[in-house]
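Structural overview for review
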Amino acid sequence: QIQINGEYISKADFARYISDYKDNDCTEFEFLTAVMYKYFADEKVDYAVVECGMGGKGDSTNVEKENVCSVLTSISLDHTDFLGNTVEEITREKEGIIRENSPCFRYCDTGDFERDNTELASRVLEYLGCDTKMFGKPPARQQKIKSILLDGGHNPQAGRALAPIIDN
C-alpha cells in the first residue's frame, strides 16, 4: 500500500523500517501508518495522499497539523462500534481530518459510484495543479480479473455500488 509515484516501497526498505521500529506498543495499522510517514519523510515527497483507517478525528493517520487539502469520500454506516450509529455521527468523526485554512473536497453522491469518485479525484487534482488524466482506478476496487471480481468494499453502500457490475 505504501508507494511513491506508483512504485511500491521496496521489500528491502520495508524490511528495514519494520526492523528499525518493531519494538513499539501499537496496533498493526498504527505501525504501518508510522512506517508510511517515515518513508515519505525520508524520501522527501511533495504530496502524500493518506487514506484514513476507520475514521478521521481519532485515526492514527490524523497527525498533520496542516493539510494541503482534505478529501471526504462517500460516508455510510461503517465501523459503527467506533464511529457512531448514524451517518451524521460518522460524518462528524470523519470531518476531524479537516484543517483551518485548508479546503475540503467532498464526495457528491449522484448515484454513479465510479463517476462520483472520478469527479472528486479530478477536482482535487485540478486544485493541486496536476494532470487529471494521471490517475486510474485503484487496484481491488471493482477490478475484474478474468471471471473474478475484486473489491474491498465492506458496507451496504459499497455492495449497492457493486450490484451493476455483478449483474453484467
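The residue numbers shown here count from 1 along each chain, following its written sequence. A pLDDT threshold of at least 70 governs which residues receive local features in this predicted model, and a stricter bar of 80 or more applies before side-chain atom pairs are shown or counted, although totals over entire chains, interfaces and linings include all residues. The side-chain values count all of the structure's non-hydrogen atoms but skip hydrogen atoms and water molecules.

1. Quick look at unusual backbone geometry
A positive phi angle, near 50°, is found at N5, a position not held by glycine. To qualify as a helix, a DSSP run of H or I must reach at least 4 residues; to qualify as a strand, a run of E must reach at least 2; elements of each kind are numbered from the N terminus. Its place among the elements puts N5 in the loop between β1 (3-4) and β2 (7-8). Non-glycine residue K44 carries a positive phi angle of around 55°. Judged by relative accessible area, which is 68%, K44 ranks as exposed. Burial classification: accessible surface area is computed with a 1.4 Å probe over protein chains only, and a residue below 20% of its type maximum counts as buried, one above 50% as exposed, and the rest as partly exposed.

2. Observations concerning the pattern of salt bridges
Take a side-chain nitrogen of Lys or Arg and a carboxyl oxygen of Asp or Glu: if they are within 4 Å of each other, that pair is a salt bridge. Scanning the entire structure with this criterion turns up 4 salt bridges. Of the charged contacts, one joins R106 and E95 as a salt bridge, the two residues approaching to 2.8 Å between their closest N and O atoms. Residue R106 is found in strand β4 (residues 104-106), and its partner E95 is found in the loop between α4 (87-94) and β4; the two are separated by 11 residues along the sequence. With relative accessibility at 27%, the residue E95 sits in the partly exposed group.

3. Considering a nonpolar patch on the surface
Each patch is built from salt-bridge-free residues with over 30% relative accessible area, joining like charges within 9 Å and nonpolar side chains (Val, Leu, Ile, Met, Phe, Trp, Tyr) within 5 Å. Here the accessible surface of atoms and residues is derived via Shrake-Rupley with a 1.4 Å probe, and residues count as covered only by protein chains that are part of the display. A surface patch of nonpolar side chains, amounting to about 310 Å² of accessible area, comprises Y47, V68 and Y127. Tracing the backbone shows V68 in the loop between α2 (28-43) and β3 (70-72). Taking the relative accessible area as the measure of exposure, V68 reaches 42% and is therefore partly exposed.

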